[in-house]
Amino acid sequence: MIRAARAQPLVTIAFLLVLGLFAVAQTPQARFEQALRAIPVTDTARPLAAFALGLSQPDFPAAEVIQLAERLAATSYSIPEKEAVLLSVVVAMEEGLPVDGLVTKGLEGLARGIPVPQIARSLHQRLILLAETRDLLYAKGIFSVAPGSPQSVPTALPTPRFNLLITHISDTIADYLEGGGSPFEGQTLLQEVRFRLTTLQGATLKVEDVELVLKRIGPADLTRIALAAVS
C-alpha cells in the first residue's frame, strides 16, 4: 500500500511531463487549429489557410495569434462574436497586411475585460486603416520587396520595414479616432503621425524610412484614410 501510494505521484508527474512534451512538439499550425476548434469556429479551413500564409512571412507573430485564439476560446461570448474578432486578423493575413497591431489590440482588450463585440469593431476599423495606409504608401511610390531582394529604387523597402510603417501610421490614426478625434483634423493627424514616427526613428524605425514617408504624406491624405475607417 505504501509503495502504491508513493508510485501514484510519480505516475502523475510522468503523465504531466508527457503532456508537456506533446505541447512542445506541436507545430504552430496544429496549436492554432486546436484553438480554433475550442472556440469553435464554424469553418476552420479559411483561418488555417491564412495562418499558413502568415507563417511564410519573416515578421509574422504566430505565437501571439495563437494566444489570441486561445483567449477568445476561453471567453463566454457567442461563437459569431468571437469569430468577428478573429475575422479581422484572418483578412489581414490573407491580404499580406501586418497583423501585429491587430493582435496586440485584441489581447489588450481581452486582458482589460472589454466586451468582445467592442473589440471586434475596433479591430475592423484598424483593419481598414491598415489597408488604406498601405494603399496610400503605394500611391506615394513607396513599395515593399522581399527581404534580401535587390532594392532597385530607394522607395522600395524590405517588407518588415514597410510593414512597421503601415502599423505605426495606422495605429496612430486609430488611437486618435478612438480617443474622440475628428477625421477632418488632417493637420492634427499629421502632427500625431509625425510625433509617433520620429519618436520611434533610430530604434524601431529607420531614420531614412521616417523621412521618406513624412516628405510624401500630407493632412489631406490622412483625412481620407480616417474617413474611410469611420464611414
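Residues numbered from 1 in each chain as written. Predicted model: local features only at pLDDT ≥ 70, side-chain atom pairs only at ≥ 80, totals over all residues. Heavy atoms only, no water.

Caption draft 1: Highlighting the overall build of the protein. Across its full length, the protein holds eleven helices and two strands. Considering only intrachain contacts with a sequence separation of at least 6, the fraction spanning at least 24 residues in the protein is 69%. By element, 60% of the accessible surface of the protein is carried by carbon and sulfur atoms, the whole surface being about 12,000 Å². (Helix = DSSP H or I, 4+ residues; strand = E, 2+ residues; numbered from the N terminus. Contact = heavy atoms within 4.5 Å. Areas by Shrake-Rupley, 256 points an atom, 1.4 Å probe, with all protein chains shown as cover.)

Caption draft 2: Geometry of the nonpolar core. Residues Ile173 and Leu222 are the most contacted members of the largest nonpolar core, which totals 65 residues. Here the element with the most residues in this core is helix 7 (residues 116–139); it accounts for ten residues. Residue contacts for Ile173: discarding those within four places in its chain leaves Leu129, Leu189, Val193, Leu222, Ile225 and Ala226. (Core = buried A, V, L, I, M, F, W, Y, C linked by side-chain atoms within 4.5 Å. Buried < 20%, exposed > 50% of the residue type's maximum accessible area, 1.4 Å probe, protein only.)

Caption draft 3: Structural detail: the pattern of salt bridges. As enumerated under the stated definition, the model contains eleven salt bridges in all. In this structure, Glu70 engages Arg31 in a salt bridge whose closest nitrogen and oxygen atoms are separated by 3.3 Å. On the criterion of sequence distance, the pair formed by Glu70 in helix 4 (residues 62–73) and Arg31 in helix 2 (residues 28–38) is long-range, its members being 39 residues apart. Judged by its relative accessible area of 30%, Arg31 is partly exposed. (Salt bridge = Lys/Arg side-chain N within 4 Å of Asp/Glu carboxyl O.)

Caption draft 4: Quick peek at the packing of helix 4 against helix 5 (residues 79–94). Where helix 4 meets helix 5, the closest approach of the two axes is 10 Å, and the angle between their N-to-C directions is 170°. The angle between helix 4 and helix 5 falls in the class roughly antiparallel. For the pair helix 4 and helix 5, the contacting residues are Val65, Leu68, Ala69, Leu72 and Ala73 in the first and Lys82, Val85, Leu86 and Val89 in the second. Residue composition of the contact of helix 4 with helix 5, by class: eight nonpolar, no polar and one charged. (Axes fitted to C-alpha atoms, helices over the stretch in contact; angles between N-to-C directions. Parallel < 35°, antiparallel > 145°, perpendicular 65-115°, else oblique. Nonpolar A, V, L, I, M, F, W, Y, C, P; charged D, E, K, R; others polar.)

Caption draft 5: Broad picture of the environment of Leu102. Within the secondary structure, Leu102 sits in helix 6 (residues 100–111). Spatially, the C-alpha atom of Leu102 lies 7.5 Å from that of Leu127, the residues being 25 residues apart in sequence. When neighbours within four sequence positions are excluded, Leu102 is seen to be in contact with Ser88, Val89, Ala92, Leu123, Arg126, Leu127 and Leu130.

Caption draft 6: Up close: the packing of helix 5 against helix 7. Packing of helix 5 against helix 7 brings their axes to within 8 Å, and their N-to-C directions diverge by 20°. As the angle between them shows, helix 5 and helix 7 are arranged roughly parallel. In this structure, the crossing between helix 5 and helix 7 has a hand that is left-handed. Where helix 5 abuts helix 7, its residues Glu81, Lys82, Ala84, Val85, Ser88, Val91 and Ala92 lie against Val116, Pro117, Ile119, Ala120, Leu123, His124 and Leu127. Of the residues in the contact of helix 5 with helix 7, the class split is ten nonpolar, two polar and two charged. (Left-handed = near helix turned anticlockwise from the far one by under 90°.)

Caption draft 7: Spotlight on the confidence of the model for the protein. With 89% of its residues at a pLDDT of 70 or more, the protein has an overall mean of 90. Throughout residues 1–5 the model reports pLDDT below 50, and contacts reaching past four residues in sequence, or to other chains, amount to zero contacts. Per-residue pLDDT stays below 50 along residues 14–23; that stretch engages in one contact with residues further than four places along the chain or on separate chains. (pLDDT = per-residue confidence, 0-100.)

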